Amino acid sequence: MQRNGGGVGAGGQPWVLRRVRLTWLSFMLFFILVFFPLIAHYYLTTIDEAGGPDKHIFGPRPGGELCEAKHVQDLCRIRESVSEELLQLEAKRQELNGEIARLNLRIEACKRSIDSAKQDLLQLKNVISQTEHSYKELMAQNQPKLSLPVRLLPDKEDPGLPPPKSARSCRLRSCFDYGRCPLTSGFPVYVYDTGSYPWGDYLDPLVKQAFAASVKSNIYVTDNPSIACLYLVLVGELQESSSSPLPSPSELEKQLKDLPYWRSDGHNHVLVHLSRKSMTQNFLYNVSTGRAAVAQSTFFEQQYREGFDLVVSPLVHALSEPNFLEVPPQVPVKRKYLFTFQGERVESLRSSLQEAPPQSFEEEMEGDPPADYDDRIIGTLKAVQDSHLDQVLVEFTCKNPRPSLPTEWALCGEREERLEVLKASTFALVIAPGDGQLVASAGCGMRLFEALEVGAIPVLLGDHTRLPYHQFIRWSEAVIIVPKPRVTELHFLLRSLSDNDMLAMRRQGRFLWETYFSTSENVLSTILASIRTSIQVPAAPIKEEPAHEIPHKAGKLAGTDANLADNGDLDLGPVETEPPYASPRFLRNFTYTAADTYRAWNRAPGPFHLFPHTPLDPVLPSEAKFLGSGTGFRPIGGGTGGSGKEFQAALGGNVPREQFTVVMLTYEREEVLMNSLERLNGLPYLNKVVVVWNSPKPPSDDLLWPDIGLPIVVVRTEKNSLNNRFLPWDAVETEAILSIDDDAHLRHDEIMFGFRVWREARDRIVGFPGRYHAWDINHQSWLYNSNYSCELSMVLTGAAFFHKYYAYLYSYVMPQAIRDMVDEYINCEDIAMNFLVSHITRKPPIKVTSRWTFRCPGCPQALSHDDSHFHERHKCINFFVKVYGYMPLLYTQFRVDSVLFKTRLPHDKTKCFKFI
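Rules used in this analysis
- Residues numbered from 1 in each chain as written.
- Predicted model: local features only at pLDDT ≥ 70, side-chain atom pairs only at ≥ 80, totals over all residues.
- Heavy atoms only, no water.
- Helix = DSSP H or I, 4+ residues; strand = E, 2+ residues; numbered from the N terminus.
- Buried < 20%, exposed > 50% of the residue type's maximum accessible area, 1.4 Å probe, protein only.
- Areas by Shrake-Rupley, 256 points an atom, 1.4 Å probe, with all protein chains shown as cover.
- Axes fitted to C-alpha atoms, helices over the stretch in contact; angles between N-to-C directions.
- Parallel < 35°, antiparallel > 145°, perpendicular 65-115°, else oblique.
- Left-handed = near helix turned anticlockwise from the far one by under 90°.
- Contact = heavy atoms within 4.5 Å.
- 1 Å grid on protein atoms, 1.4 Å probe; cavity = no way out; pocket = protein on both sides within 12 Å on 5 of 7 lines; lining within 4 Å.
- Points joined across faces, edges and corners; volume = space filled by probe spheres on them.
- Nonpolar A, V, L, I, M, F, W, Y, C, P; charged D, E, K, R; others polar.
- Arc of directions from axis to C-beta.
- Pairing = 2+ DSSP bridges.

**What about the overall build of the chain?**
Now for step 1: When its secondary structure is counted, the chain shows 22 helices and 28 strands.
Now for step 2: Across the 916 residues in the chain, those meeting the buried criterion constitute 48%.
Now for step 3: When the accessible area of the chain is evaluated, it comes to approximately 46800 Å², of which 56% is carbon and sulfur surface.

Shown next, in the form of structure tokens:
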């Protein structure tokens with residue numbers, strides 16, 4: 001028992017100890033498992049915070065093992081996101097700082113490059129200037145400069161010419177001394193005083209007075225006979241007085257040889273016989289004129305020297321000017337009578353031919369027609385009249401016939417009576433003299449003059465007759481010439497002509513009459529022009545209007561309006577950027593006289609063979625020699641052309657290099673004018689600006705004019721006239737003129753495109769605002785209309801291009817009555833210019849695309865806003881129609897757009913505008 005008890009007692013103490021130890025171990029294990037992680041977490045967290053935000057060595061890891069609450073997990077995620085963003089922003093900040101540093105370095109490098117480029121540019125400018133000077137020298141060596149060459153005059157000592165075989169064989173090459181008329185002589189003409197030779201007392205007083213007045217106004221006449229190229233002698237028309245008879249042929253021949261500069265044979269002399277009557281005696285028929293040329297209305301075949309003598313028109317209006325308002329209109333084309341003829345046959349001197357047996361037409365054509373040939377003409381014309389197919393008027397007997405030469409048809413009645421009949425005639429018959437030896441007669445010339453004057457188309461029966469100035473005038477454009485054997489077909493021929501052809505012939509006849517026959521000044525000028533053209537001497541330069549410049553102060557450099565310089569969707573290709581370049585002058589002087597004789601004499605109405613020559617000659621489409629388009633430029637992408645560069649460099653509207661001048665009319669609107677001038681800054685192709693100051697009051701002294709980088713010439717005018725807009729100012733050195741109002745508001749791309757269109761249509765008015773005319777049925781008159789429509793007939797010159805050629809015509813050739821009406825109404829100058837150009841070219845103007853920005857917004861009110869403006873323009877149109885005799889304006893529905901107008905180009909297609 002003790003052993004058991006003792007064993008229990010002894011063995012129970014270790015068990016207790018073991019239990020105590022187990023409890024202690026459990027407690028220690030609990031303490032270690034609970035408090036030790038907490039202490040370690042606190043300790044580690046403290047170390048993490050102490051290390052700073054950049055050292056999260058023991059920071060929380062993804063997964064958030066220690067974040068037991070949900071909101072704690074969200075905060076942890078936010079913290080992690082913010083941390084990442086902060087890291088990214090810091091990296092960007094450092095990158096931007098580096099970029100700024102690099103850009104600063106590039107700026108410094110660019111500044112150094114700009115300074116270097118400025119030096120290079122200065123050197124290039126010097127090189128370009130030297131190159132241009134060298135180019136001009138090379139061009140001068142290879143092509144003579146034709147700008148008013150040095151005038152060469154003949155020597156006082158005349159060497160004389162070898163005599164021709166006979167006076168009948170005289171031609172210019174054998175009887176004219178070209179040595180006295182160098183090409184650059186200016187064609188000086190010496191006119192003998194009519195009172196210094198014996199037959200002067202027998203001259204018709206009206207002819208003598210008219211001739212003297214014409215000589216005073218002619219630019220070629222000189223008082224120095226030693227330098228004269230031509231010597232003019234007036235020998236008729238002579239009138240026999242009751243006290244003393246006319247000089248005999250031998251006496252007249254002796255008197256001619258006694259002239260102080262006759263030089264034994266009369267070379268370079270022209271004997272002028274002007275006829276005022278149909279019955280003009282041929283005083284020079286039996287006079288030996290030597291090498292002197294004869295200019296008169298009547299010639300026999302034995303007397304006339306083809307290519308040397310000159311058939312001239314009769315002098316009808318000796319001292320009086322024709323009234324253009326009394327000239328009948330050219331329309332309607334068909335008049336009351338199809339054709340008319342009034343005349344009485346003068347008996348032939350060869351009356352014995354009337355007894356000869358009748359001959360056939362073939363036999364008559366082989367030799368001179370017999371005396372009864374005119375009887376067949378009479379019978380045929382009477383048969384047409386009796387058929388009543390058309391209303392014709394033929395009368396072969398006169399109550400009061402005018403004296404005429406033998407075999408010629410005498411004129412009937414007074415001139416006023418004949419004109420009334422011709423005004424009602426579509427065609428006017430002119431029957432050539434029956435004597436085939438009479439190649440020209442004053443009677444035929446008088447009939448021709450009267451028919452052309454009133455618009456009756458002349459029909460000449462007889463192809464052997466020489467019409468006035470036939471060497472130069474293409475009479476087939478104004479006269480129907482029918483051989484006498486075709487008289488039976490005359491009626492059919494006249495009825496077969498269309499209205500357009502008849503109107504064209506009537507218009508051409510009116511031009512010939514106005515230009516060469518209408519006044520004594522024109523007759524004398526035509527005689528001299530005929531001789532000068534024959535010897536190929538260019539005409540003298542026409543007078544330009546001197547530009548008396550008003551001094552003005554240039555202000556600050558004008559800026560460029562981005563809205564004006566932006567081309568928008570109108571891509572015009574490359575642009576010329578050159579310094580001011582004047583158009584070449586006097587390049588076509590010898591072309592007109594040597595190659596374009598017929599065209600120059602027969603083109604209405606700018607006969608510079610008759611009037612002085614323009615320095616800037618027009619190049620019309622029919623005359624232009626178009627250049628090729630190959631320039632050596634190669635667009636990227638293969639092929640040639642298509643970009644506009646070839647057009648600009650080689651064709652360019654038929655002129656390789658060209659600029660234009662802006663002519664701006666203004667009247668006391670200084671602020672508007674300054675704004676308009678500023679808008680021209682940076683405009684390509686601009687040569688200079690000519691401001692026509694139309695006010696008698698000069699500009700303000702403190703007015704600062706904008707500096708647009710080009711010359712601005714302010715021109716003082718003598719009076720306030722809208723005609724000043726079209727004066728040929730000598731300050732305008734380009735062929736192209738942009739006439740623009742001071743309140744016009746045009747974009748640069750519009751002006752550029754309009755200029756390029758004009759370069760391809762140089763004979764037209766090319767502009768922006770279109771207008772048209774209309775016929776008022778109720779009032780039977782013409783109206784001016786400014787409404788928008790699908791057609792136009794005028795382009796206003798308030799914004800239009802035209803050739804300077806038309807400035808000469810407007811100021812010096814156009815009838816003065818039109819300019820007077822413009823001054824009277826202070827209106828209609830643009831209509832007058834459109835009438836003139838359409839009358840010359842028979843073409844309508846060209847309208848180009850615009851963006852409806854023509855008028856300046858906010859500008860003061862213009863004259864066109866007045867209520868009476870349109871009423872005056874109605875009157876102007878009707879008055880101009882009376883002066884011209886017809887309505888020259890033509891309608892058109894044609895408008896010009898750019899090739900790429902409103903065309904959207906893909907990005908990859910624009911490479912064609914780059915060049916290598």
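There is more to say, and it comes next.
**A look at the packing of helix H21 (residues 829-841) against helix H22 (residues 868-884)**
If you want to describe how two helices pack, look at the angle between their axes and the distance between the axes.
Now for step 1: Closest axis-to-axis distance for the H21/H22 pair is 10 Å, and the angle between their directions is 30°. The angle between H21 and H22 places the two elements in the roughly parallel class. For the pair H21 and H22, the crossing hand works out as right-handed. Every residue of H22 that contacts H21 at Asp-830, Ile-831, Ala-832, Phe-835, Leu-836 and His-839 is listed here: Arg-873, Ile-877, Phe-880, Val-881 and Tyr-884.

**Things to note about empty space enclosed by the protein**
Over the atoms, a rolled probe matching the size of one water molecule traces out where space is still vacant.
Now for step 1: Inspection of every chain in the model, using the stated rule, returns 9 cavities of 30 Å³ or more.
Now for step 2: Size it by volume and the largest cavity reaches roughly 150 Å³.
Now for step 3: Lining the largest cavity are 13 residues, with Gln-342, Arg-418, Leu-422, Arg-447 and Glu-450 positioned closest to its centre.
Now for step 4: Broken down by secondary-structure element, the contributors of at least two residues to the lining of the largest cavity are strand E7 (337-342), helix H8 (415-423), strand E11 (425-431) and helix H9 (442-454).
Now for step 5: Across the lining of the largest cavity, the residue classes break down as 8 nonpolar, 2 polar and 3 charged.

**Considering helix H20 (residues 816-825)**
Now for step 1: Of all the residues in H20, the buried ones are Ile-818, Arg-819, Met-821, Val-822 and Tyr-825. The arc that holds every buried residue of H20, seen down its axis, measures 160°, which confines them to one face.
Now for step 2: Looking at the buried side of H20, the elements it contacts are helix H19 (804-813), H21 and H22.
Now for step 3: Of the residues one or two after H20, Ile-826 is the one with positive phi, at around 50°.

**Quick look at the pairing of strand E23 (residues 770-776)**
Now for step 1: One ladder, built from 2 bridges, connects E23 with strand E25 (residues 794-795); its direction is antiparallel. Looking at E25, one finds that Gly-770 is bridged to Val-795.
Now for step 2: In terms of strand pairing, E23 meets strand E24 (residues 781-785) through 5 bridges, oriented antiparallel. The partner of Trp-775 across the bridge, within E24, is Trp-782.
Now for step 3: The antiparallel hairpin formed by E23 and E24 contains 4 residues in its connecting segment, where Gln-780 sits at a positive phi of about 55°.

Just distances and angles here, no functional claims.
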